[in-house]
Amino acid sequence: MHRSKTALSLLQKVDRLRTTTGTTTLVSRMHTVYVQHPSQTRLAWTLYTDRSGTSLNRREFSTTDTARVEEPTENEKKLSQEVEDLRKEAAELTEKVKSLDDKYKRALAESENIRRRLTKQIDDAKLFGIQGFCKDLLDVADILGHATEAVPKEEVSEKNPHLKNLFEGLSMTRQQLNSVFKRHGLEAVNPLNEKFNPNLHEALFQQEVANVEPNTVVVVSKIGYKLHDRCIRPALVGVAKG
């Protein structure tokens, strides 16, 4: 209200100056006064004066509306706080989702590894479940082998029908047993004249042998056996000395 009175007073002074001054032709300077109206309206008065300082008889009046600035209400503050809380909660949930997704992928990978290990163990159990039984039968195969090799070949003839029949029976039994071994993946290892392999052979001694490369198997004291490429009994051998 005080500012409005000031503006009116200035207008009255300008009118009085306009009526008391004469007409001049030269303008020296210009004064502009701004008054802020309480209703957010800006009033501007432009006063023109000549070189002697006398005001001219021209007056301009203009108003400009400005944006009204209002303080946020309690509801707006409350809504802003709720929005901020929701953003924080969304960020926390996003991090939690990422963590759970990572744990889920790790659990899937671990379960897949366990499944593969169990599958391999099951397959190995199917292949090597008879390993203990095969080891027990190896002694029987050794005895049959020694029995057939101990029979003098020259005595096996029609003159000795009983010895001949016995020898043929032992040979057929040994052949049948070897066929059963082969059908179940059990193979004999007879490494005579082969390079020594510590995974399949066990060296009992070394000896000097002419014209033979070092570490060559020259004597097989006991043949070995492997089950599906797994050694269940190494061959007992003698190797050539280097």
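Bear in mind that the values here come from a model prediction, so they are computed numbers and not experimental data.

Colleague: Explain the overall build of the chain to me, please; I cannot follow it from the model alone.
Modeller: For the chain, the helix and strand inventory stands at four helices and nine strands. Of the contacts formed within the chain by residues at least 6 apart in sequence, a portion of 51% connects residues at least 24 apart.

Colleague: Looking at this structure, how should I read helix α4 (residues 161-183)?
Modeller: Residues separated by three or four positions in an α-helix point in the same direction, a consequence of the helix having 3.6 residues per turn. Between its first and last C-alpha atoms α4 spans 33 Å; for 23 residues at 1.5 Å apiece the expected length is 33 Å, and the two agree. For α4, every residue scored as buried is listed here: F167, L177 and F181. At the exit of α4 stands G185, carrying a positive phi of roughly 90°.

Colleague: Would you explain the pairing of strand β9 (residues 235-240) in this entry?
Modeller: Looking down a regular strand, the side chains alternate between one sheet face and the other. With five of six residues buried, β9 lies mostly within the body of the structure. Sheet analysis places strand β5 (residues 201-207) next to β9, joined by six bridges and oriented parallel. Residue pairing in the sheet places F205 in a bridge with G238 of β9. Both strand β6 (residues 217-222) and β9 contribute to a ladder of four bridges, which runs antiparallel. Among the inter-strand pairings, V217 is bridged to a residue of β9, identified as V239.

Colleague: Mind showing me how you'd approach the nonpolar core here?
Modeller: One recurring pattern in soluble globular proteins is that nonpolar side chains are buried together. One finds F128, C134, L138, A141, L144, L177, F181, L186, Y225, L227 and I232 forming the largest nonpolar core, which totals 11 residues. Take this core: its biggest share by element is four residues, from helix α3 (residues 131-150). Apart from the residues within four sequence positions on either side, L138 is in contact with F181, L186, Y225, I232 and R233.

Colleague: What exactly am I supposed to notice about the sheet that holds β5 here?
Modeller: Taking strand neighbours across the sheet as the criterion, the three strands line up as β5-β9-β6 in an open arrangement whose pairing is mixed. Every interior strand has two partners, whereas the edge strands, β5 and β6, have only one. Direction aside, the axes of adjacent strands within the sheet are offset by 30° on average.

Colleague: What is the right way to read the packing of α3 against α4 from this model?
Modeller: The description of two helices packed together rests on the angle between their axes and the distance between the axes. Two numbers describe how α3 lies on α4: the axes approach to 9 Å, and their chain directions differ by 145°. The hand of the α3/α4 crossing is left-handed. For the pair α3 and α4, the contacting residues are L137, L138, V140, A141, L144, G145, A147, T148 and E149 in the first and F167, L170, S171, T173, R174, L177 and F181 in the second. The residue makeup of the contact of α3 with α4, split by class, is 10 nonpolar, four polar and two charged.

Colleague: What am I meant to see in the sheet that holds strand β7 (residues 224-227) here?
Modeller: What holds strands together in a sheet is hydrogen bonding between their backbones, with the strands either parallel or antiparallel. The three strands are arranged β4-β7-β8 in an open sheet whose pairing can be described as antiparallel. Where the open sheet ends on each side, the last strands, each with one partner, are β4 (186-189) and β8 (230-233). Pairs of neighbouring strands in the sheet enclose a mean axial angle of 35°, with direction left out of account. Direction of pairing for β4 relative to β7: antiparallel, over a ladder of four bridges. Considered in β7, the bridge of A188 is made with Y225.

Colleague: Mind showing me how you'd approach the environment of C134 here?
Modeller: Residue position: C134 is located in helix α3. Separated by 91 residues in sequence, C134 and Y225 have C-alpha atoms that sit 9.4 Å apart. Apart from the residues within four sequence positions on either side, C134 is in contact with L186 and I232.

Colleague: Help me understand the side chain of H201, please; the structure alone is not making it clear to me.
Modeller: Within the element layout of this structure, H201 appears in strand β5. Apart from the residues lying within four places of it in its own chain, the contact partners of H201 are V189, P191, K195, F196, V217, P234, A235 and V237.

Colleague: I tried to follow the pattern of salt bridges on my own but got confused; where do I start?
Modeller: If you walk through the whole model with that rule in mind, you get 10 salt bridges. Between D142 and R233 there is a salt bridge, with the nearest N and O atoms lying 2.7 Å from each other. In this pair, D142 sits in helix α3 while R233 sits in strand β8, placing the two residues 91 residues apart along the sequence. Summarising the burial analysis for this pair, D142 and R233 share the class buried. The shortest N-O distance in the salt bridge between K195 and E213 comes to 3.2 Å. In this pair, K195 sits in the loop between β4 and β5 while E213 sits in the loop between β5 and β6, placing the two residues 18 residues apart along the sequence.

Rules behind the numbers
- Residues numbered from 1 in each chain as written.
- Predicted model: local features only at pLDDT ≥ 70, side-chain atom pairs only at ≥ 80, totals over all residues.
- Heavy atoms only, no water.
- Helix = DSSP H or I, 4+ residues; strand = E, 2+ residues; numbered from the N terminus.
- Contact = heavy atoms within 4.5 Å.
- Expected span 1.5 Å × (residues − 1).
- Buried < 20%, exposed > 50% of the residue type's maximum accessible area, 1.4 Å probe, protein only.
- Pairing = 2+ DSSP bridges.
- Core = buried A, V, L, I, M, F, W, Y, C linked by side-chain atoms within 4.5 Å.
- Axes fitted to C-alpha atoms, helices over the stretch in contact; angles between N-to-C directions.
- Left-handed = near helix turned anticlockwise from the far one by under 90°.
- Nonpolar A, V, L, I, M, F, W, Y, C, P; charged D, E, K, R; others polar.
- Salt bridge = Lys/Arg side-chain N within 4 Å of Asp/Glu carboxyl O.

Limitation: the analysis is restricted to geometry and does not speak to function.
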